[in-house]
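Each chain is listed here by its residues.
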Amino acid sequence: MRSENAEPIRLEDYTPTPYTLDRVELNFNLVPDATIVTSKIYLAPRTPEDAGKPLVLDGDELELVSVEMNGRALSADSYDATASQFTLKTPPETAFSLEITTKINPQENTKLMGLYRSSGNFCTQCEAEGFRRITYFYDRPDILAVYTTRIEAEKKAYPVLLGNGNPKEAGDIEGTDRHFAIWHDPHPKPAYLFALVAGDLGCISQKFTTASGKPVDLNIYVEHGNEDRADWSMDCLVRSMQWDEKVFGLEYDLDVFNIVAVSDFNMGAMENKGLNIFNDKYILADPETATDVDYEGIETVVAHEYFHNWTGNRITCRDWFQLCLKEGLTVFRDHEFTSDERSRPVKRIADVKVLKNHQFPEDGGPLSHPVRPEVYKEINNFYTATVYEKGSELVTMIKTILGADGFKKGMDLYFERHDGEAATIEDFIKSFEDATQTNLSQFALWYSQSGTPQLNVAGEYNEQAKTFTLKLEQSTPPTPGQDIKRPFTIPVRFGLVSPNGEDMAYSSSEGAEVRGDLILLTEASQTVVFHGIGAKPVPSLLREFSAPVKLATNLSSDDHLFLMHHDNDPFNRWQSAQTVATDLTIALSKGAETPALSAFLEAMKAIAEDDALDNAFKALALALPSEGDVARELGNNVDPEAISIAHLTLRQKVGEALYSTFQKLYESLAPSGTFSPDAKSAGNRALRTRTLSYLNAAQSDNSAPLTRAHFETADNMTDRIAALNVLVHERVDGYKDALDAFYQRHKDTALAMDKWFMVQATSPAEDTLDTVKALTEHPAFAWGNPNRVRALIGTFVAANQRRFNALDGSGYTYLAQTVLKIDQNNPQLAARILNAFRSWRALEPTRQGLAKAALESIIEADQKLSPDVQDIAERCLQ
Ligand code: ARG
Ligand code: ZN
């Protein structure tokens, strides 16, 4: 059932509030089902014209207890208070204070927005609009205020009381079993950065001294018993703080930095000022329960949230349309951090995989939106791959275009100008323009035009003239609300690879602007002629993936195979392998000829046997494109089942052809010594388990002794889960016993159990949907825990292409029913899972019809939809 259709919010309608609000004093009397919040706010008319205008504050499911103005009770006819709004009809014409008391029920807060409970503790999530679920407020990011928070709770149940900023005072409340703590945050901040935690928690601590000599206490709070699993996070935090000082010259600015890990959380983590709150998935790790991927994920998220202290908190967003101002930039910063800490090329490949897997499909379907959207109905639905990942790519392009020095100057100017402010994308771009005297107005189109540009490039060698000509054409398909696009500024990093594998120099060029190894496109169709080219080169284009575009070239598969061997750019070596493998999978899925297969197998062998290559890179280069990759490259009339079968066939062929090579690699990579999560050891494990899956695929013996031994002897989660995946997905004899053994071993560790659900949800077996349904009845399954729901249902719909897209529509029906169920408690989670329909229009006609019917069944269901789910369903159908 459609809820009353909410008016969309538009960027062009931005107006400041009529009142300023620059100081808040909060008091929380914490009781699980009846928490009393008193908020004293200091207001003043923003301009003389604003004086006397009604004061309208945001609320959400609030109950007003009382309200005072300037210390005196207000008469009931001077204000209106509903669950979602507080209006003071005729405020005073000069500065005044309001003291508003509300009552809330954290215990029943299943949306996990505002103040809620997780494992018996109190915690908060306020971004984007959760603070209004705590008290009536100007809940918008351009209202920056100084917060003082007093927290009071029963002492025995909640010994730890945490707030934003620095601790000021704490003590017992005499004659009661309660105690209190007062926190003060001197840095003005928007309400979405407010946080509070009260609970019985363990903690690990470390001292940090900033570059300028200021001491900071670092604490990570976890549930008792998990303290040992927080050491890696602490290590990541310290390295993040040092890196930001070294690379961006940015220091931490409070006496304490607290992180709290909670087990019920809608997102990854949250950068609340001085009090980051994390999904415990991104804090807890030990070799027994976390994989290498988990360790790296923790490094990324800890860094990301810490980096927000400057990009997000010190400089925040004027409105939610500017979300990429903090998110895209902070993702860029965490990418740079990981690149510096680990391997830059490996990180680049991993990031581009994420971009292509998540952002490209989003941008190519009905949910496509610009990096800076101009209209939304539900802001929670805009925490997307486009805002985050494409947003980060835009910052990378600015750096590519301006060079490292120009980029640094622009960032410095941005911090200098806007520290303490709520800024816009225009402010950000202007800082780079002014710092480097560059006009970025065409570049800025990347923020406003949605869709992935298609870049077609054809190269031609002229032997007489010794010239090499590139013809480059860009076009961007229509996207929702945007039929016609203007050309983008596209930086194309390139090399002209000579027959012996070296990059060739050119004497001069004409046509489009070329700077060294960079072509800067600005028009729909451009040509570059390179002079002084002595032999026919193979052009290596879009090195490092220098722009988020879809590239098509006139290169032959022989050219790609040549680049797979010889390209100086590791990214393009990987990309060439992917391109050939994708073409092969598509051909196999259509029953077509595969003339390039044997040369491809040779090239894979050469990579596997190249001792000069880093193992983490090899593991990536030897991976076949996923079923999702192939579907995305096809773009329309997609048959996920045919792709899945083709994918398995190709894997088997690689396994058979490279069997002895993989066998040797597998043996040579046998672990020695104790587990270490460092990049090199992780790379060895990744390559070894890659060979394991090929070796298993090539075996006809269904008892798979190698994989079973791998599973049974594993002394860490990375190896154990990799083997379990193979055992379960290939239905190796005894796979059920393996699942059982895993269950017995890990049943008390939630994050490990998520993996147990995930392995089963991603099985290509025909009865996987039935398994998923049965698992929702398993005692370990919990509808209220977002990690568990995502592990089972989210994984099935997003990562099991074949079975989610079953030809009888059963996967679609199940998703629709499940989304409706989840929506009643947790709309954000429901809307997130519903995103699995974002590519439905690319399917072949039968599945399209079934997917459409399932989407319509959501809109027409006999229940009130959340704005979150309604928005996604409607946009998918538009
Ligand atoms: N700012 C957080 C981060 O990226 C994410 C918060 C998302 N919240 C939401 N309601 N969607 O670090
Ligand atoms: Zn973020």
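In this report, the structure presented in the accompanying data block is examined.

## Some words on the overall build of the protein
Along the protein, the regular secondary structure elements total 26 helices and 33 strands. Per-residue burial for the protein yields a buried fraction of 59% across its 878 residues. Looking at the protein alone, contacts between residues at least 24 apart form 71% of all its contacts between residues at least 6 apart. About 33,500 Å² of surface is accessible on the protein, with carbon and sulfur atoms providing 48% of the total. Averaging the coordinates of the 86 positive side-chain charges in the protein and doing the same for the 127 negative ones gives two points 1 Å apart.

## Some words on the environment of Thr400
By the secondary structure assignment, Thr400 is in helix H5 (residues 385-418). Between the C-alpha atom of Thr400 and that of Ser546, which follows or precedes it by 146 residues, the distance is 7.6 Å. Beyond its immediate sequence surroundings of up to four residues, Thr400 is in contact with Pro491, Arg493 and Leu518.

## Things to note about the site of ligand 1
Neighbouring residues of ligand 1: 16 residues in total, closest Glu127, Glu271, Glu305, Glu327 and Tyr388. Between a nitrogen atom of ligand 1 and a side-chain N or O atom of Glu127, the distance comes to 2.6 Å. Note that an oxygen atom of ligand 1 is positioned 3.5 Å from one of the side-chain N or O atoms of His308. Alone, ligand 1 offers 350 Å² of accessible surface; in the complex the protein occludes 97% of this. If you list the elements that add at least two residues to the shell around ligand 1, you get strand E20 (269-270), helix H2 (292-307) and helix H3 (323-341).

## Let's talk about unusual backbone geometry
Residue Ala128 is bonded to the preceding Glu127 through a cis peptide linkage, with omega at 0°. At Asn70, a position not held by glycine, the phi torsion is positive, near 45°. Inspection of the secondary structure puts Asn70 in the loop between strand E5 (63-69) and strand E6 (72-73). Exposure remark for Asn70: the relative accessible area of 44% places this residue in the partly exposed category. Of note in the backbone geometry, Arg731 takes a positive phi value of approximately 50° without being a glycine. As for its position among the elements, Arg731 is in the loop between helix H17 (717-729) and helix H18 (735-746).

## Section: the layout of surface pockets
By volume, the second largest pocket amounts to about 1,600 Å³. What lines the second largest pocket is a set of 49 residues, among which Ile9, Asp58, Glu129, Arg132 and Lys377 lie closest to the centre. Within the residue set of the lining of the second largest pocket, elements represented by two or more residues are strand E1 (9-10), strand E4 (55-58), helix H24 (827-834) and helix H26 (867-877). Here the lining of the second largest pocket gets five residues from one element, more than from any other, and that element is H26. Of the residues assigned to the lining of the second largest pocket, the class counts are 16 nonpolar, 11 polar and 22 charged.

## Describing the environment of Val238
Take Val238: it is sitting in helix H1 (residues 231-248). Every residue in contact with Val238, bar those within four places of it in the chain, is listed here: Gln206, Phe208 and Leu218.

## Here we look at the packing of aromatic side chains
For the structure on display, the rule yields 45 aromatic pairs. Ring geometry for Tyr192 and Trp320: centres 4.9 Å apart, planes at 65°, overall edge-to-face. With a gap of 128 residues between them, Tyr192 in the loop between strand E15 (178-189) and strand E16 (196-199) and Trp320 in the loop between strand E22 (316-317) and H3 connect regions that are remote in the sequence. For the residue pair Tyr192 and Trp320, the accessibility class agrees, reading buried in each case. A connected cluster of aromatic rings, assembled from ring pairs, spans Trp243, Phe248, Tyr252, Phe257, Tyr306, Phe307 and Phe337. Above the plane of the ring of Tyr42 lies Arg23, whose end atom (NZ or CZ) is 3.8 Å from the centre. Above the plane of the ring of Trp783 lies Lys821, whose end atom (NZ or CZ) is 4.8 Å from the centre.

## Quick notes on the coordination of the zinc ion (ligand 2)
The zinc ion (ligand 2) binds to the protein through His304 (NE2), His308 (NE2), Glu327 (OE) and Glu327 (OE); the donor distances cover 1.9 to 2.8 Å. Here the donor residues for the zinc ion (ligand 2) map to a single chain with the spacing H-x3-H-x18-E. His308 matches His304 in its accessibility class, with the two residues each being buried.

## Structural notes on helix H8 (residues 557-566)
Listing the buried residues of H8 in full gives Asp559, His560, Leu561, Phe562, Leu563 and Met564. Those residues of H8 hidden inside the fold are in contact with strand E27 (490-497), strand E32 (538-541), strand E33 (550-553), helix H9 (570-589) and helix H10 (597-609).

## Let's talk about the pairing of strand E11 (residues 121-125)
For E11, a buried count of five out of five residues is recorded, marking the element as mostly surrounded by other parts of the structure. Side chains Asn121, Cys123 and Gln125 project from E11 onto one buried face, and the interleaved Phe122 and Thr124 project onto a second face that is buried too. Alignment of strand E10 (residues 114-118) against E11, held across five bridges, turns out to be antiparallel. Counted as the bridge partner of Gly114 is Gln125 from E11. Following E10, the chain reverses through two residues before pairing antiparallel with E11; Ser119 in that reversal takes a positive phi of roughly 50°.

## Section: the packing of H9 against helix H12 (residues 627-634)
The geometry of H9 relative to H12 is characterised by a closest axis approach of 10 Å and an angle of 80° between their N-to-C directions. Overall, the two elements H9 and H12 adopt an arrangement that is roughly perpendicular. Facing H9, whose interface residues are Gln578, Thr582, Thr585 and Ile586, H12 presents Asp629, Val630, Glu633 and Leu634. Class assignment for the residues of the contact of H9 with H12 results in three nonpolar, three polar and two charged.

## Focus on the sheet that holds strand E31 (residues 525-531)
Whether parallel or antiparallel, the strands of a sheet pair through hydrogen bonds between backbone atoms. Taken in spatial order, the five strands line up as E28-E31-E26-E25-E33 in an open sheet, and their pairing is mixed. A strand with exactly one partner marks an edge of an open sheet, and here the two such strands are strand E28 (508-511) and E33. Each strand of the sheet is rotated relative to its neighbour by a mean of 20°, with strand direction disregarded. In the sheet, strand E26 (residues 467-475) pairs with E31 via seven bridges, with the strands oriented antiparallel.

## Topic: the nonpolar core
Side chains that are nonpolar tend, in soluble globular proteins, to be buried together. Counting 266 residues, the largest nonpolar core has Leu98, Tyr447 and Phe600 as the members making the most contacts within it. Of the residues forming this core, the biggest block, 12 residues, is contributed by H5. Those residues in contact with Tyr447 that lie beyond four places of it in its chain are Cys324, Pro370, Val371, Arg372, Leu394, Val395, Ile398, Ile425, Phe428 and Ile429. Counting five residues, the second-largest nonpolar core is a separate cluster that includes Val497, Val538, Phe562 and Leu563.

## Re the sheet that holds E27
Across the sheet, which stays open at both edges, the four strands sit in the order E29-E30-E27-E32 with antiparallel pairing between neighbours. On the outer flanks of this sheet lie strand E29 (513-515) and E32, each paired with one strand and no other. Across this sheet, the average inter-strand angle for adjacent strands is 30°, counted without regard to direction. By the bridge criterion, four bridges tie E27 to E32 in an arrangement that is antiparallel. In the strand pairing of E32, Gly495 is matched with Ser540. Contacts between H5 and the sheet are confined to E27, E29 and strand E30 (518-521), with E27 contributing the most and set at about 65° to the helix. The sheet strands contacting H8 are E27 and E32, and the helix crosses E32 at an angle near 70°.

## Topic: helix H6 (residues 425-436)
Its 12 residues give H6 an end-to-end C-alpha distance of 17 Å, which sits within 8% of 16 Å, the value for a rise of 1.5 Å per residue. Of the positions making up H6, those classed as buried are Ile425, Phe428, Ile429, Ser431, Phe432, Glu433 and Ala435. The inward-facing, buried residues of H6 abut H3, H5 and helix H7 (445-448). Residue Gln437 follows H6 closely and has a positive phi angle near 50°.

Rules of the game
Residues numbered from 1 in each chain as written. Chains lettered and ligands numbered in written order. Predicted model: local features only at pLDDT ≥ 70, side-chain atom pairs only at ≥ 80, totals over all residues. Heavy atoms only, no water. Helix = DSSP H or I, 4+ residues; strand = E, 2+ residues; numbered from the N terminus. Buried < 20%, exposed > 50% of the residue type's maximum accessible area, 1.4 Å probe, protein only. Contact = heavy atoms within 4.5 Å. Areas by Shrake-Rupley, 256 points an atom, 1.4 Å probe, with all protein chains shown as cover. Lys, Arg positive; Asp, Glu negative; His and termini not counted. Charge placed at Lys NZ, Arg CZ, Asp CG, Glu CD. Near = heavy atom within 4 Å. Polar contact = N/O pair within 3.5 Å; in protein donor to acceptor, adjacent residues only side chain to side chain. 1 Å grid on protein atoms, 1.4 Å probe; cavity = no way out; pocket = protein on both sides within 12 Å on 5 of 7 lines; lining within 4 Å. Points joined across faces, edges and corners; volume = space filled by probe spheres on them. Nonpolar A, V, L, I, M, F, W, Y, C, P; charged D, E, K, R; others polar. Phe/Tyr/Trp six-rings, centres within 6.5 Å; stacked < 30°, edge-to-face > 60°. Lys NZ or Arg CZ within 6 Å of the ring centre and 35° of its normal. Donors = N, O, S within 2.8 Å, 3.2 Å for Na, K, Ca; no water. Pairing = 2+ DSSP bridges. Axes fitted to C-alpha atoms, helices over the stretch in contact; angles between N-to-C directions. Parallel < 35°, antiparallel > 145°, perpendicular 65-115°, else oblique. Core = buried A, V, L, I, M, F, W, Y, C linked by side-chain atoms within 4.5 Å. Expected span 1.5 Å × (residues − 1).

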